[in-house]
Amino acid sequence: MTRVKEFNLPDLGEGLTEGEILKWLVQVGDTIALNQPIVEVETAKAAVEIPAKWAGQVTRIFHPEGTTVEVGAPIIAIDTDPGSGALPAPSAASLAAVDVAGDAPVEPGLIGGPAPGGRTAVLVGYGPKTTVAKRRPRSAGAPVVPDEPAPVVEVVAPVAPPPAVAAPAGGAVLAKPPVRKLARDLGVDLTGLTGTGPNGSISRDDVLAATTAPAAVATKPAVGREERIPVKGVRKLTAENMVASAFTAPHVTEFLTVDVTRSMKALDRLKAHRDWKDVRVSPLLLVAKAVLLAVKRHPMVNSTWAGEEIVVKHYVNLGIAAATQRGLIVPNVKDAQELTTRELADALTALVSTAREGRTPPADMTGGTFTITSVGVFGVDSGTPILPPGESAILVFGAVREQPWVHKGKIKVRQVTTLGLSFDHRIIDGELGSKFLRDVGAFLEDPEGALLAWS
Amino acid sequence: MAETLTIGKALNTGLRRAMERDPKVLIMGEDVGKLGGVFRITDGLQKDFGDDRVIDTPLAESGIIGTAVGLAIRGYRPVCEIQFDGFVYPAYDQIVSQVAKMHYRSKGKVSLPMVIRIPFGGGIGAVEHHSESPEAYFAHTAGLKVVSCSNPDDAYWMIQQSIESDDPIIFLEPKRRYWEKGQVNVDSASLPLHNARVTRPGRDATVIAYGPMVRTALDAASAAAEEGREIEVIDLRSLSPLDMAPVYASVRRTGRAVVVHEAPVNLGLGSELAARITEECFYSLESPVLRVGGFDTPYPAARIEEEYLPDLDRVLDAVDRSFGF
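Residues numbered from 1 in each chain as written. Chains lettered and ligands numbered in written order. Predicted model: local features only at pLDDT ≥ 70, side-chain atom pairs only at ≥ 80, totals over all residues.

Q: Just checking my understanding: could you explain the overall build of chain B for this structure?
A: A count of helical and extended segments in chain B gives 12 helices and 14 strands. In chain B, once contacts between residues fewer than 6 apart in sequence are set aside, the share between residues at least 24 apart is 79%. (Helix = DSSP H or I, 4+ residues; strand = E, 2+ residues; numbered from the N terminus. Contact = placed C-beta atoms within 7 Å.)

Shown next as structure tokens:
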């Protein structure tokens with residue numbers, strides 16, 4: 001810091017530009033104290049005494065009494081440390097640089113010009129500062145919402161600054177602020193809701209409804225390469241049944257290809273019979289009849305594994321697997337063993353048409369003991385069906401095709417089909433399963449003969 | 001034609017245009033003549049228009065306004081300068097009891113086409129009485145219109161529009177911004193006197209300001225943009241009457257509003273704005289309307305005024321708080 005300081009004529013009023021030196025109260029060489037009156041100055045408003053800004057020794061007085069001095073011009077120089085020896089010879093540069101940093105003058109007449117500290121010079125005050133559009137560095141963990149009471153938690157680690165919050169969607173969603181709060185608390189996205197409140201705003205009820213029916217949002221079809229279908233209803237039941245059966249009953253499947261030409265001819269004769277005029281008949285009828293007769297000959301096929309014991313049923317609730325719009329269902333004809341062929345035909349027709357209409361009563365779908373599944377209607381030959389839970393065997397009946405077949409020693413074109421039988425090996429061994437399947441096949445190869453022989 | 005002027009020079013030029021256009025326009029105030037005003041707003045006008053049209057008055061604000069009321073009744077259009085905001089209080093009785101009421105009192109027969117110019121607000125490091133923001137006192141008074149310019153173009157046009165108005169107008173000048181430069185279109189005004197303006201568009205939050213705080217709000221918006229947040233800045237321009245339509249439209253889009261002024265928050269303009277926005281945009285609000293302003297203390301000493309005045313950081317802190325709801 002410079003030892004010798006120059007004191008400039010201050011603006012003694014507001015908006016004053018100059019003052020007259022009336023009387024010097026000190027002389028060069030005087031030792032003065034801080035705030036000691038040094039000069040009397042008259043301005044346009046009043047005559048005032050100016051106190052010393054620094055203590056020290058007066059080294060120079062710039063203007064004689066009677067001079068009018070502009071505001072900001074130096075009037076007196078003071079050596080602030082006269083005890084420390086002679087003054088070094090002042091260089092021109094040091095004179096020019098006197099105390100610019102601390103109390104540089106506001107140049108008179110240059111209101112609006114530069115002033116120290118990046119300010120603009122004014123008549124009254126330090127002048128306005130120039131600012132920059134830069135945010136100050138924020139302290140770590142500064143609370144974004146100061147209204148919340150400070151948590152009584154000792155901070156042991158520096159907290160990361162709060163992340164910038166995502167921009168809102170804009171004014172599209174209308175909701176009362178309290179409803180927004182509710183939705184946020186419940187985790188409901190307002191943008192997905194339709195408002196039923198005032199002005200189409202989302203009401204409290206809309207938010208609550210959204211929380212009780214989340215599936216409505218979840219099952220929105222995804223546009224793209226995948227579709228998500230909720231598992232429910234028939235599909236869910238089918239899945240549960242198939243899994244339960246496949247992983248509890250050890251399945252075995254056997255196949256038998258048979259010539260059913262005689263059965264098809266028998267069906268034609270049946271259709272032509274006057275008692276059967278209005279009856280709808282299909283190969284399924286003869287398969288069902290074959291199964292019923294074969295069950296009679298091999299009752300163990302119509303049984304249930306019940307852990308400690310095997311339940312052999314002396315009745316046949318004959319299930320027919322039907323493909324419907326709602327999925328696979330297996331209604332059954334109760335006590336099918338008691339029915340005449342004609343009654344059986346009627347029962348099967350009713351069963352299938354009811355199923356196709358989706359009106360099968362739940363009672364028709366429970367209590368089955370043996371099931372026939374006809375994959376022939378889909379144009380395929382056979383398969384390895386999974387047992388309905390609680391049943392020990394299921395017969396699969398494939399498509400009836402004209403094929404070359406050795407018939408009475410000659411190759412003939414015959415109507416041929418493939419039968420398959422899946423059975424529960426816990427109850428049915430290969431021998432029993434084979435005998436049963438062979439009997440069904442024998443009936444279909446020669447229905448009249450089998451009827452005469454077995455019933 | 002566009003010219004680059006400071007706000008101070010734009011006001012000076014606007015006053016000159018008005019005086020050229022209408023010989024009934026008078027300027028009166030302390031040091032407005034020979035000195036040209038402490039901020040040089042009336043610089044050169046006495047020299048060019050004479051000391052009977054640019055009148056140096058005694059240091060008596062009540063007298064300045066009272067005299068102007070009489071002149072206005074007689075058909076003049078006085079433009080009074082109150083040297084500093086804190087000096088207006090001696091004239092407050094004249095303004096509230098006479099200026100605001102004459103038109104009503106006379107069943108509309110007598111109008112007072114006068115302008116009261118007040119450099120207002122802080123930030124220049126001045127002493128007591130020199131940095132106040134008294135706008136709410138006037139905006140609260142029926143019968144007065146209150147406007148504030150924030151940039152040179154508005155300064156140039158709003159002072160002329162105010163002088164042309166047949167109603168008395170309190171014209172608040174952002175004294176710390178007098179030396180900020182900008183383009184002035186001297187051919188035509190961009191807006192009527194009492195309209196607000198969206199000064200900077202943005203979609204995330206609305207910051208509403210006027211006078212000296214518009215610059216602060218714009219700086220805040222620039223800083224926020226660097227952080228990826230788009231702030232819409234609205235310059236109210238007219239404090240009474242308020243032009244709320246652009247404010248409502250903006251808040252309905254952004255859902256968030258922050259009002260900024262230098263005046264203390266308690267019962268300031270921000271309170272009225274918050275109430276109106278809440279009434280009109282209730283269903284769109286993502287958070288309460290927040291206010292940023294001076295503290296409820298007398299204006300502090302110059303050395304600590306930067307702690308008192310709302311700055312860019314206080315504005316952005318409020319925006320952060322808004323996003324915390």
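Q: I would appreciate a short explanation of the nonpolar core in the present structure.
A: The nonpolar side chains of a soluble globular protein tend to be buried, and buried together. If you look at the biggest cluster of nonpolar residues, it comprises 111 residues, and the most contacted ones within it are Val207, Ala217, Val258 and Val315 of chain B. Discounting chain neighbours no more than four positions away, the residues touching Val207 of chain B are Ala217, Ala220, Ala221, Ile231, Val233, Val258, Val260 and Val315 of chain B. Core analysis: the second largest hydrophobic core is formed by 46 residues, Leu285, Leu293, Leu318 and Leu419 of chain A among them. (Core = buried A, V, L, I, M, F, W, Y, C linked by C-beta atoms within 7 Å. Buried ≥ 20, exposed ≤ 12 C-beta atoms within 10 Å, placed from the backbone.)

Q: Can you walk me through the packing of helix H3 (residues 177–186) of chain A against helix H4 (residues 204–212) of chain A in this structure?
A: Between two packed helices, what matters for the description is the angle formed by their axes and the separation of those axes. All names here are of chain A. Taken N-terminus to C-terminus, the directions of H3 and H4 make an angle of 10 degrees; their axes are 9 Å apart at the nearest point. In this view, H3 runs roughly parallel relative to H4, as classed from their interaxial angle. When H3 is examined against H4, the residues Val179, Leu182, Ala183 and Leu186 are found in contact with a partner set consisting of Arg204, Val207 and Thr211. Per-class residue counts for the contact of H3 with H4 are 5 nonpolar, 1 polar and 1 charged. (Axes fitted to C-alpha atoms, helices over the stretch in contact; angles between N-to-C directions. Parallel < 35°, antiparallel > 145°, perpendicular 65-115°, else oblique. Nonpolar A, V, L, I, M, F, W, Y, C, P; charged D, E, K, R; others polar.)

Q: Teacher, can you tell me more about the sheet that holds strand S7 (residues 68–70) of chain A here?
A: Across a sheet, paired strands are connected by hydrogen bonds in the backbone, their directions being either parallel or antiparallel. Residue and element names in this part refer to chain A. The strand order across the open sheet formed by 4 strands is S5-S4-S2-S7, and the pairing between neighbours is antiparallel. Because the sheet does not close on itself, it has two edges, and the strands there are strand S5 (47–51) and S7. The mean angle between the axes of side-by-side strands here comes to 40 degrees, regardless of whether they run parallel or antiparallel. With 4 bridges connecting them, strand S2 (residues 18–24) and strand S4 (residues 37–42) associate as antiparallel partners. Within S4, the residue paired with Glu20 across the bridge is Glu42. (Pairing = 2+ DSSP bridges.)

Q: Is there a simple way to explain the sheet that holds strand S7 (residues 169–174) of chain B in this structure?
A: Residue and element names in this part refer to chain B. Strand order in the open sheet made by the 7 strands is S3-S2-S4-S5-S7-S6-S12, with mixed pairing throughout. Of all the strands in the sheet, just strand S3 (54–56) and strand S12 (238–240) have a single pairing partner and so form its edges. For this sheet, the mean angle separating the axes of adjacent strands, direction not counted, is 20 degrees. Pairing analysis gives 5 bridges linking strand S2 (residues 25–29) to strand S4 (residues 77–81), with the strands arranged parallel. When the bridges of S4 are listed, Leu26 appears paired with Pro78. Where helix H3 (residues 61–73) meets the sheet, it contacts S2, S4 and strand S5 (115–120), and its direction lies at approximately 170 degrees from that of S4.

Q: Teacher, can you tell me more about the interface of chain B and chain A here?
A: How big an interface is tends to be stated in terms of accessible area lost as the parts join. At the junction of the two partners, chain B supplies 36 residues and chain A supplies 33 residues. Elements with a minimum of two residues in the side of chain B that touches chain A: helix H8 (212–226), helix H9 (245–254) and helix H12 (312–323) of chain B. The element contributing the most residues to the side of chain B that touches chain A is H12 of chain B, with 6 residues. Looking at the side of chain B that touches chain A residue by residue, the class counts come to 14 nonpolar, 8 polar and 14 charged.

Q: Before we go on, may I ask you to explain the packing of helix H1 (residues 7–21) of chain B against helix H7 (residues 152–164) of chain B in this structure?
A: All names here are of chain B. Viewed as axis vectors pointing N to C, H1 and H7 meet at an angle of 30 degrees, and their least axial separation amounts to 8 Å. Overall, the two elements H1 and H7 adopt an arrangement that is roughly parallel. For the pair H1 and H7, the sense of crossing is right-handed. Between H1 and H7, the contacting residues are Ile7, Ala10, Leu11, Thr13, Gly14, Leu15, Arg17 and Ala18 on the first element and Pro152, Ala155, Tyr156, Trp157, Ile159, Gln160 and Ile163 on the second. (Left-handed = near helix turned anticlockwise from the far one by under 90°.)

Q: Help me understand H1 of chain B, please; the structure alone is not making it clear to me.
A: Taking 1.5 Å per residue, 15 residues should reach 21 Å; H1 of chain B reaches 21 Å between its end C-alpha atoms and fits that length. Those residues of H1 of chain B that fall on the buried side of the exposure criterion are Ile7, Gly8, Lys9, Ala10, Leu11, Asn12, Gly14, Leu15, Ala18 and Met19 of chain B. (Expected span 1.5 Å × (residues − 1).)

Q: I would appreciate a short explanation of unusual backbone geometry in the present structure.
A: For residues besides glycine, phi is generally negative; the peptide bonds are generally trans as well. Residues and elements named next belong to chain B. The peptide bond linking Ser240 to Pro241 adopts the cis configuration, its omega dihedral lying at 0 degrees. Relative to the elements of secondary structure, Pro241 occurs in the loop between S12 and H9. Of note, Asp31 is a non-glycine position whose phi angle comes to about 65 degrees, a positive value. When you line up the elements, Asp31 lands in the loop between S2 and helix H2 (45–49). Its identity as a non-glycine residue notwithstanding, Lys107 has a phi of 50 degrees, on the positive side. Tracing the chain through its elements places Lys107 in the loop between helix H5 (102–105) and S5.

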